[in-house]
Amino acid sequence: MKKTIFPIITILAIVLLIFLPYFIGAYLLHVLMTIFIYMTLALSWDMMLRTGQLSFGVAGFFGVGAYASIITCSRFGFNPLVSILFAGFFVALIALGLGFAVLKLRDIYFSITTLAITMVFSVIIRNIPKLTGGASGKVIPNVIFNGDSAKTYWLILSLALITILISEMFNRTKIHFAINSIRNDEIIARSSGINIFGYLLFVFIISSALQGIAGAIYTQQYGFVSPETTFSLDFLLLPMAMALVGGIYSTWGSVIGALVLGFASEYLKLIMPYGHLIIYGIMIVLIILFLPKGIYGTTKDKIITHKIEKKSLSE
Amino acid sequence: MKRIFLVMMSLLMVFSCALAAEKPIKIGAVNPLGDITGDQATKAMKLAVKEINDAGGVLGRPIELIVIDDEMNPAKGAAAIERLATVENVDFFVGGMGSGVHLAQVPILKKYQKITVWIGAASHQAEIAMGPDADWYFHLHPWDYQQGEGYGVGWTEIVHAYPNVKIEKVFLAYEEGAFGTDSYTSYIDLYEAAKRGEGSWKEILKEFKGASFKSASLGGGDYRAMLNQAKAFNPDLFIWAGYDADAIPIVAQAKEVNFQPPLFVGAPPGWPADFGKNPLSENVILYGMWAPTLNEVSPVAKHFYDAYVEMWKEEPATYFAPLGYTNIYFLVEGIKKAGSLDKNAIIEALRTIEYESPLGEVLKIEPSRIIKNQGFKYQKILQWQKGRQEVIWPLELATTQLVYPFKFGK
């Protein structure tokens, strides 16, 4: 029974999400698009975290993807959709090259290096103004699908669903055991025959490529890039907060975190024009303090505990 | 029966007409409420709306201002426009500060094509993104390139008005981020034009040099290397383009390395709240669109200032306050002149009205490089004197004489 209900609910939810543009207005659609972009970033950040590596390079790969897309579009006449795919491929290539250097590092050294990489990307972009527009950035005359909200929504929804699918594949295949083992104890993982570097590199490339594609779609949606906004640390800190609030090391944690924080941010702003950011910040701190495993992790734990108690009582 | 029906229908019609007449004209504003510029612009907009409504509204209808915070986030700013257009059903868009946020709003504004009067976003990239066809778009703040041109016009007029002032060598110290680098790039363009005998700086600018520094607001704060480069260049006009956090340390360190150029200009987007109270501020020159001292030469500026202080129990500290006030009044004057809410009639009216603004000058619309409807062209040249920002240029609005050459305050 359980095995059939879950796929049915999933399919129904996907169908509902696909047909949503026919029922809701442009504003809510816009809010959802932003949430899905951040959801993709949160999930891809969490995928890397599952290997035990805390990456601060999200904004960097997001920004490079954005620039790759807008430059190929404006200078080489790429179709926007092709430019988005190219951006993903380009970021994956960069991640492959960088991976050989940074994935030898661990803990805080890895984190700081990935943060530094974001800064380096930003400095490089600023210093090749003929290609990138330098400090003032670059604009394209037309945004993707000529600003058609529904089509843009479907594109962003596809990216979010693909990311969820990849994340679930990571959780349901042997990759899950390998990366869990690497996170828990690398020596045991190595002695079990796990190719640590290979798995780390694979996850790093996949998560970076997703971040690059998210950046490319975001920039095609708004039609501009600039070092300050495109490499903004918002694209690192907010996805991290979303994953932490929802619950790390899981697909649904990031999904729940993105939905909760995304809608809360919009709703708070409307009911409290002044001071809503303070309430938003306090909310994040309280959730992380009192639900250290996040909303999903804590709820899941409670359900499991309840089931065990129920089982032991019946026995 | 027939008579009762007719009476009821007549009453219904009268009632509907009365309701339609009372229905407010909705103006949607998107401002960064967490920042002083957005906060004060919003307060000034509310003041303007209150004054207009107290005077009977426009076209017999009251004005309703709906404000949404953009949080200085491009996606939030774009979503705010979507909400105002589709949920709040506003008739007009106003507001705005940052160029990054505005660039994300441009595609959404183009989608709805409602009359938009924007007071922020100085980056020329926003003008490129908007394009030449948006006849419904009115931009009031001078574009970045216009500001550079304006300073050339201003300094040239000052050189003519003050025979002892000489400006041939200009040194620009710029913070290494987008703001500073953009300033440097535009000065390079102006210098190249001046060398060809073109542009507003052609009469005065003979030599130009620039050097970057790391702003204190971005983890820097040591300007000595840059100041020593400037000292070696010995400029007539020294300009720094950074942030408010740089204002005091840059003057203090210039004093320390004994670098005292004849004209010491700061060009940050905003100044520290109490900069005027610091003795180091004395005779420092700044660029801006407004100063409280304009109250002495402009009755409109004085009216705005007094009304703002009375309503909000605080002083307007940024030029975005009078600009926000102008934003609403300019639009309402256009509606009044058009006599209806017909889009084309209002566009035509806004293009022809001349609104005497609290910024001290008359606002009238002219084309800029790309867009058809550009408002203000230049910023003003101001000088800190005894803790007050005095207007030096435009000369017709000058509130006092330029103190020259610059000497450090004690």
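Residues numbered from 1 in each chain as written. Chains lettered and ligands numbered in written order. Predicted model: local features only at pLDDT ≥ 70, side-chain atom pairs only at ≥ 80, totals over all residues. Heavy atoms only, no water.

## A short note on the layout of surface pockets
The gaps left among the atoms become clear once a water-sized probe is rolled over them. Residue and element names in this part refer to chain A. The volume enclosed by the second largest pocket comes to roughly 1,300 Å³. Lining the second largest pocket are 41 residues; nearest its centre among them are Phe6, Glu168, Thr251, Trp252 and Tyr296. Those elements that place two or more of their residues in the lining of the second largest pocket are α1 (2-19), α2 (26-49), α7 (149-172), α8 (174-184), α13 (251-271) and α15 (294-314). Looking at the lining of the second largest pocket, the element that brings in the most residues is α1, giving nine residues. Per-class residue counts for the lining of the second largest pocket are 24 nonpolar, eight polar and nine charged. (1 Å grid on protein atoms, 1.4 Å probe; cavity = no way out; pocket = protein on both sides within 12 Å on 5 of 7 lines; lining within 4 Å. Points joined across faces, edges and corners; volume = space filled by probe spheres on them. Helix = DSSP H or I, 4+ residues; strand = E, 2+ residues; numbered from the N terminus. Nonpolar A, V, L, I, M, F, W, Y, C, P; charged D, E, K, R; others polar.)

## Re the sheet that holds strand β10 (residues 285-288) of chain B
All names here are of chain B. What the seven strands build is an open sheet, ordered β7-β6-β8-β9-β10-β13-β14; its pairing is mixed. The outermost strands of the open sheet, each flanked by one partner alone, are β7 (207-213) and β14 (388-393). Across this sheet, the average inter-strand angle for adjacent strands is 30 degrees, counted without regard to direction. Here helix α7 (residues 178-195) sits on the sheet in contact with β6 (169-175), β7, β8 (237-241) and β10, set at roughly 155 degrees to β6. Helix α8 (residues 224-233) rests against β6, β7 and β8 of the sheet, and its axis sits at about 170 degrees to β7. (Pairing = 2+ DSSP bridges. Axes fitted to C-alpha atoms, helices over the stretch in contact; angles between N-to-C directions. Contact = heavy atoms within 4.5 Å.)

## Looking at the packing of α8 of chain B against helix α9 (residues 247-256) of chain B
Residue and element names in this part refer to chain B. Relative orientation of the contacting elements α8 and α9 amounts to 55 degrees, with a least axis distance of 10 Å. Taken together, α8 and α9 sit at an angle that is classed as oblique. Both α8 and α9 take part in a crossing whose hand is right-handed. Across the interface between the two elements, Arg224, Met226 and Leu227 from α8 touch Ile250, Gln253, Ala254 and Glu256 from α9. (Parallel < 35°, antiparallel > 145°, perpendicular 65-115°, else oblique. Left-handed = near helix turned anticlockwise from the far one by under 90°.)

## Some points on α15 of chain A
All names here are of chain A. Given a rise of 1.5 Å per residue, 21 residues ought to cover 30 Å, and the 30 Å separating the end C-alpha atoms of α15 matches this to within 8%. Turning to α15, its buried residues number three or more, namely Gly294, Gly297 and Thr298. Angular distribution of buried residues about the axis of α15 spans 95 degrees; they occupy a single face of the element. Residues Lys302, His306, Lys310, Lys311, Leu313 and Ser314 are exposed on α15 and point more than 90 degrees away from its buried face. Each element contacted by the buried residues of α15 is listed here: α12 (234-246). (Expected span 1.5 Å × (residues − 1). Buried < 20%, exposed > 50% of the residue type's maximum accessible area, 1.4 Å probe, protein only. Arc of directions from axis to C-beta.)

## Things to note about the domain arrangement of chain B
Accessible area lost when the parts come together is the quantity often used to give the size of an interface. Residues and elements named next belong to chain B. The domains assigned to chain B are domain 1 (24-142 + 296-363) and domain 2 (145-288 + 380-397). Between the C-alpha centres of domain 1 and domain 2 the distance comes to 30 Å. Contacts between domain 1 and domain 2 engage eleven residues on the former and seven residues on the latter. In total, about 790 Å² of surface goes out of reach between domain 1 and domain 2, with carbon and sulfur atoms giving 48% of it. Considering only the side of domain 1, the residues that lose the most area to domain 2 are Pro142, Glu296 and Val297, jointly responsible for 38% of the buried surface there. Where domain 1 packs against domain 2, one counts two salt bridges. (Domains from an automatic or database assignment. Buried area = accessible area lost by both parts, 1.4 Å probe. Salt bridge = Lys/Arg side-chain N within 4 Å of Asp/Glu carboxyl O.)

## Topic: the pattern of salt bridges
The final tally for this structure, using the stated rule, is 24 salt bridges over all chains. The salt bridge involving Lys50 of chain B is made with Asp54 of chain B; its shortest N-O contact spans 3.0 Å. Of this pair, Lys50 of chain B and Asp54 of chain B both sit in helix α2 (residues 36-54), separated by four residues, roughly a single helical turn. Residue classification places Lys50 of chain B among the partly exposed positions, given a relative accessible area of 43%. The class for Asp54 of chain B is exposed, based on a relative accessible area of 58%. A salt bridge links Glu361 of chain B to Lys380 of chain B, with the shortest nitrogen-to-oxygen separation between them at 2.4 Å. One end of the pair, Glu361 of chain B, is in the loop between β11 (355-356) and β12 (362-363); the other, Lys380 of chain B, is in strand β13 (residues 380-385), with 19 residues separating them in the sequence. Classification of Glu361 of chain B by relative accessible area gives partly exposed; the value is 22%. Salt bridges sharing partners connect three or more residues here, namely Glu266 and Lys269 of chain A together with Lys76 of chain B.

## A word on the sheet that holds strand β2 (residues 63-69) of chain B
All names here are of chain B. The strand order β2-β1-β3-β4-β5 describes an open sheet built from five strands, whose pairing is parallel. The open sheet has two free edges, formed respectively by β2 and β5 (137-139), since each of these has just one partner strand. Averaged over all pairs of adjacent strands, the angle between their axes in this sheet comes to 20 degrees, without regard to strand direction. As paired elements, strand β1 (residues 25-31) and strand β3 (residues 92-95) share four bridges and run parallel to each other. Paired with Gly28 across the bridge in β3 is Phe93. Sheet strands touched by helix α3 (residues 74-86): β1, β2, β3 and β4 (115-118). Its angle to β1, the strand with the most contacts, is close to 170 degrees.

## Describing the interface of chain A and chain B
Across the contact, 30 residues belong to chain A and 36 residues belong to chain B. Carbon and sulfur atoms make up 59% of the surface buried where chain A meets chain B, a total of about 2,500 Å² over both sides. The interface formed by chain A and chain B includes one salt bridge. For Lys76 of chain B, the salt bridge goes to Glu266 of chain A, with nearest N and O atoms at 3.6 Å. At the surface where chain A touches chain B, the tally comes to seven residue pairs in polar contact (both at pLDDT 80 or more). Secondary structure elements with two or more residues in the side of chain A that touches chain B: α2, β1 (138-139), α10 (196-222), α11 (227-230), α13 and α14 (276-290) of chain A. Counted by class, the side of chain A that touches chain B contains 14 nonpolar, ten polar and six charged residues. (Polar contact = N/O pair within 3.5 Å; in protein donor to acceptor, adjacent residues only side chain to side chain.)

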